[in-house]
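Next come the chains, spelled out residue by residue.
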Amino acid sequence: MAARRSRSLRVHMGLLFAFLYLPIAVLIVLSFNDSELATVWGGFSTRWYRELVGNEELIAAIRNSLIVAGFVTAISTVLGTLLAIGLQRTVRSRVLDSVLFLPAVIPDIVLAIGLLSFFNLLRFTLGLHTIVIAHVVFDMIFVAAIVRTRLGYFDRRIEEAAADLGANPVKTFLLVTLPAILPGVIAGALVAFTLSIDEFVIAFFNSGPTSVTFPIRVYAMIRFGVTPVINAVAAIVMTLSLLTILIALRLTRPKGEGANGVGVTA
Amino acid sequence: MSVAAARTRRAHGRRVWGQRFVLLGPGMTYWLVFFLVPVGVLIAYSFFRRGPYGGVIYEPTLKNYARALDPLYIGVLWTSVRIATVATAVSLLLAYPAALFIARASSRWRVPLLVLVILPFWTSFLIRTYAWMVLLNPAGLINKLLQGLGLVDEPLPLLYNEFAVTLGLVYAYLPLMVLPIYASLERLGPQTGEASADLYASPAQTLRKVTIPLTLPGIVAGCIFVFVPSLGNFIVPDLLGGGRTVMIGNVIQQQFLQARDWPFGAVLAMSVIVLMFVVLAVQAQVLRRTQEVEDGRPA
Amino acid sequence: MRDRFFVRLLAIVAVAGLVLAACGSDDGGETPPAADDGADTAEPVDISGTTLTVSNWDAYMPKSVIKDFEEETGVTVEYAIHTTNEDIMGKLTGANGTGFDLVFVSGPFVQALTNLGWAAEIDHSQIPNIANLDAEATELPFDPGNVHSVPYTWGTTGICYRSDLVSETPSSWEVFNQAPADLQDKMTMLGTDRWLLQPALLSLGYSVNTTDAAQIDEAKQWTIAAKENLLAFDDTTFYSKLVSGEASLVQAWDGWCEYGRAEDPKNIEFVIPDEGSDLWSDTMVVLESSENKAAAYAFIDYILRPEVGKQIVEFTLYKMPNADVMAAVDPAIVKDFPTLAISPAELFEQETQTDLGEEGTILWAEAATEIKA
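Note that the structure is predicted; figures quoted are calculated from it, not measured.

**With respect to the overall build of chain B**
Working step 1: Within chain B, the secondary structure is distributed over 13 helices and two strands.
Working step 2: A buried classification covers 48% of the 299 residues belonging to chain B.
Working step 3: When contacts within chain B are restricted to residue pairs at least 6 apart in sequence, long-range pairs at least 24 apart make up 70% of them.

Right, dumping it as structure tokens:
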């Protein structure tokens, strides 16, 4: 009986994976379809990839997204790591944890219009910088959460030992604490980067005239339903983000640990 | 000795405050300025009058709230809650067996399986939604397949309706349901099930009476991770609903970007925030209940 | 020692702040003030080296036109896109009417921008080619005398359909409301506020600019009933839905119906229903906040040249209110895309869309929300 049940679970798992990956696979296959129509197979071709390279708006949008994600990652990694250590070491409060975590839970549209109202009130010029400010708000929280799971494994006695040996707090932090939690920090940074580069709603509301980011451009392409170039874009994005996240996972997970805290933190 | 100890303690106290300042200061300041204040501005806007062509006139009014009580907007809110609830329920039904399967897999396979479940979540949200536009299209793959197999004569209307929106939300947030459930199953360990089996409980009984109640915190967390973002979503209804299925996120977006009625958009956003807190309160309640049950039982 | 740690931290934050600020100013309106001085006079101003920020609908102007303009003048054009009028209005509201030098919007929105004080008064002396405009285009009701706007294109809205998929030629807006069996779930209507209610209003015999609450309500009920027959509301991809056969009949702007005809010349047709339709015009508006009005005028003037206009018409398949341009268009193209042959006089038989005012705008927006909910 137990065997039958485990078999039905296995079938369920198989179907679930089909559900998760079929749409992605279809897009990747279609990206090599020579036909303009998504429903007709017109032979193998790389023409959409070639067209993509010549698409200036898209390239500019990718550049903007990389700039934004770069700044966001740097700022939120610093702020988030400090926050994580601070929460772990100095204030142990569930309430504070939950309250601080709100930007990651609140529906993105609320954060988006809140920030837009705020920037509008202060007469901020909207542009890449406002997107950076907005993304750091929630990315910082994700970094903090990820670094904290790593801090949980860290034995503070090593720090005390370093202090006993005469290292000052900065030295202790740089030479002992940071190396120990570095995989968590890097994983946090990678997650922050991925979240920022894919973020649409908040960027859509808080972008300026010429600060079109990659998702904003993709949205316009989908809305205008232009060409299968979008499939080629999809294939590349899928591949790149899969790679990034695989690296992040390798880094958060030293041997022999449980599987908690994989990327998304509960 | 006591003097020295007191001095150390004082020094220690100072250090702790210094540490707090350095470690928490930057992040919390940022949080206050760019999260709390903007949400505060939004709340404030909800009590003012709209300008004729957008913007806000600073005359206090409750009219926006009165307007939100119109059956029209209550209806949209209800539709959103309904769609988000169905999407959450479907995700739970899909995710629980999957999490169970992964938790029972040999330790070698657990991580790769989990990674495979999460991977799609980290690829572009827009593009994943777009994939369903391609698949569900009347001339799309699924309809072609159904027609080719002779199952249907006419293409089924799969796209641009509530079904498509619900499916899109399930697809988007399913991994967020699997993760916390898996985490709670793993915490539970296999021993609980064995103990139950020793007491001659059938596997089904074990699942219903032991496993599910004890993994309730994971289930509730997963439900929140799916329900809250589904509730405020406007991209999925926009792309897969064809403008015919509207959720509260779409109306908020319309108020801000099209009707240019920011105060009213702010009121609608308030309704989302309130619903979010209701859901979080339910979670806290469930967590407390589970904690009591766990503590109450003799070990 | 701790202090040093703190100082270093501060330094990091400060550097981040500085870089951020630099990033911001780099991204915002980087317009040298030099161009500003001459904006009010007819003296030729050296605009070379300046940046002009424009927002237009996607694919509404050939890229070559922008490139050529950049080469000729030395101006760098930052070309942003919007999907709908509401979209660009939303962007401008968010930025308090700043950030752009020149925006493309439909007629009623010229009035909205003017009422907000965001549209600059246009200095005709800086746009010699404005004389090329058709006489009709200088007296459009939303901006008589082209005080705040220069018409870019104009046209009408009608029904675009697949002649091989419909059993009878559509002749009335009623088709959306009384869908024959073969058109059930095979039609799309425009979803943007100003066009959403139009089939209902025309079919009920009301003005397309009505602000009468009872009429709007009636039109709303009509459209809610029609919604049951639709595949979707669609402002951007309706023509490709026709080409793929997802839809058989759509409410469409004339030019975008031609996009469909370009891909399926045999079967796709356009018709203005018997009840009539609207005359819409998409216009170019210079923003009051622009610090580079001279370049904006130069750009408008460039667009109004017959040989440039010809490229635009042949690319967008929309008509320009400019007889010299329309005369220059390749007759073969006009033959393939017959809506290009609709004359200004014919267009003028339709009612021009104008602004609805504060109350009207709110009534329309609420009706739109209710229809789509």
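**Here we look at the overall build of chain A**
Working step 1: Scanning chain A from N- to C-terminus turns up eleven helices and zero strands.
Working step 2: The order of helices and strands in chain A, counted from the N terminus, is α-α-α-α-α-α-α-α-α-α-α.
Working step 3: Expressed as a percentage of its 266 residues, the buried residues of chain A come to 50%.
Working step 4: The long-range share in chain A, meaning contacts at least 24 apart out of those at least 6 apart in sequence, stands at 79%.

**Some words on the interface of chain B and chain A**
Working step 1: Taken together, the 70 residues of chain B in the interface contact 67 residues of chain A.
Working step 2: Among the elements that make up the side of chain B that touches chain A, the one with the highest residue count is helix 1 (residues 2–45) of chain B (17 residues).

**Re the interface of chain C and chain B**
Working step 1: Taken together, the contacts link 31 residues of chain C with 26 residues of chain B.
Working step 2: Those elements that place two or more of their residues in the side of chain C that touches chain B are helix 1 (2–27), helix 4 (85–94), helix 5 (107–115), strand 6 (230–233) and helix 17 (357–372) of chain C.

**Considerations on the confidence of the model for chain A**
Working step 1: Predicted confidence across chain A gives a mean pLDDT of 83, with 90% of residues reaching 70 or more.
Working step 2: Note on residues 255–266 of chain A: pLDDT under 50 across the span, and 28 contacts to partners over four residues away in sequence or across chains.

**Some remarks on the packing of helix 7 (residues 162–188) of chain B against helix 10 (residues 216–232) of chain B**
Residues and elements named next belong to chain B.
Working step 1: At a minimum axis distance of 7 Å, the contact between helix 7 and helix 10 shows a crossing angle of 160°. It follows from the interaxial angle that helix 7 and helix 10 lie roughly antiparallel. Crossing of helix 7 over helix 10 shows right-handed handedness. Mapping the contact onto sequence places L169, Y173, L176, M177, P180, I181, A183, S184 and L185 in helix 7 and P217, G218, I219, A221, G222, F225, V226, P229 and S230 in helix 10.
Working step 2: Looking at the contact of helix 7 with helix 10, its residues break down into 14 nonpolar, four polar and no charged.

**Points about the nonpolar core**
The nonpolar side chains of a soluble globular protein tend to be buried with one another.
Working step 1: The biggest cluster of nonpolar side chains holds 284 residues, and the ones touching the most others in it are I113 of chain A, A99, V178 and Y182 of chain B together with C160 of chain C.
Working step 2: Those residues in contact with I113 of chain A, other than ones at most four positions away along the chain, are F205 of chain A together with L42, I252, F256, G265 and A269 of chain B.

**Section: helix 13 (residues 306–316) of chain C**
All names here are of chain C.
Working step 1: Considered for burial, the residues of helix 13 that qualify are V308, G309, K310, I312, V313 and T316.
Working step 2: On its buried face, helix 13 is in contact with helix 3 (63–73), strand 4 (150–162), helix 11 (254–263), helix 12 (293–303) and helix 14 (323–328).
Working step 3: Count one or two residues on from helix 13 and you reach L317, which has phi positive near 65°.

**Focus: the packing of helix 3 (residues 71–104) of chain B against helix 7 of chain B**
All names here are of chain B.
Working step 1: Interhelical geometry of helix 3 versus helix 7 gives an angle of 40° and a closest axis separation of 6 Å. As summarised for this structure, helix 3 and helix 7 are arranged oblique, according to the angle between their axes. The handedness of the crossing between helix 3 and helix 7 is right-handed.
Working step 2: Here the residues of the contact of helix 3 with helix 7 sort into 23 nonpolar, two polar and two charged.

**Observations regarding the environment of I224 of chain B**
All names here are of chain B.
Working step 1: Mapped onto the elements of the fold, I224 is located in helix 10.
Working step 2: For I224 and L135, which are 89 residues apart along the polypeptide, the C-alpha to C-alpha distance reads 28 Å.
Working step 3: Aside from chain neighbours lying at most four places away, what touches I224 is V279, L280 and Q283.

**So, the pairing of strand 7 (residues 249–253) of chain C**
As a general feature of sheets, a regular strand has side chains that alternate between the two faces.
All names here are of chain C.
Working step 1: With five of five residues buried, strand 7 lies mostly within the body of the structure.
Working step 2: Alignment of strand 4 against strand 7, held across five bridges, turns out to be antiparallel. If you follow C160 over to strand 7, its bridge partner there is V250.
Working step 3: Sheet topology places strand 5 (residues 187–189) next to strand 7; two bridges connect them, and they run parallel. Note that in strand 7 the partner of T188 across the bridge is V250.

**Remarks on the environment of E162 of chain B**
All names here are of chain B.
Working step 1: The residue E162 is located in helix 7 in this model.
Working step 2: Expressed as a C-alpha distance, the spacing of E162 and I142, which sit 20 residues apart in the sequence, is 17 Å.
Working step 3: Excluding residues within four positions of it along the chain, E162 makes contact with I83 and T245.

**Thoughts on unusual backbone geometry**
All names here are of chain C.
Working step 1: Its identity is not glycine, yet N96 carries a phi of approximately 55°, on the positive side.
Working step 2: Residue position: N96 is located in the loop between helix 4 and strand 3 (102–106).
Working step 3: Even without being glycine, D185 reaches a positive phi, approximately 60°.
Working step 4: One can find D185 in the loop between helix 6 (174–177) and strand 5.

**Some points on the environment of T245 of chain B**
Working step 1: Along the chain, T245 of chain B falls in the loop between helix 11 (235–240) and helix 12 (248–257).
Working step 2: Along the chain, T245 of chain B and A164 of chain B lie 81 residues apart, while their C-alpha atoms are 9.5 Å from each other.

**A word on the confidence of the model for chain B**
Residues and elements named next belong to chain B.
Working step 1: Put simply, chain B has an average pLDDT of 85, and 89% of its residues get 70 or more.
Working step 2: Of all the helices and strands in chain B, helix 8 (residues 191–198) carries the lowest mean pLDDT, 66, while helix 3 carries the highest, 94.
Working step 3: Complex prediction metrics read pTM 0.83 and ipTM 0.86.

Calculation criteria
- Residues numbered from 1 in each chain as written.
- Chains lettered and ligands numbered in written order.
- Predicted model: local features only at pLDDT ≥ 70, side-chain atom pairs only at ≥ 80, totals over all residues.
- Helix = DSSP H or I, 4+ residues; strand = E, 2+ residues; numbered from the N terminus.
- Buried ≥ 20, exposed ≤ 12 C-beta atoms within 10 Å, placed from the backbone.
- Contact = placed C-beta atoms within 7 Å.
- pLDDT = per-residue confidence, 0-100.
- Axes fitted to C-alpha atoms, helices over the stretch in contact; angles between N-to-C directions.
- Parallel < 35°, antiparallel > 145°, perpendicular 65-115°, else oblique.
- Left-handed = near helix turned anticlockwise from the far one by under 90°.
- Nonpolar A, V, L, I, M, F, W, Y, C, P; charged D, E, K, R; others polar.
- Core = buried A, V, L, I, M, F, W, Y, C linked by C-beta atoms within 7 Å.
- Pairing = 2+ DSSP bridges.

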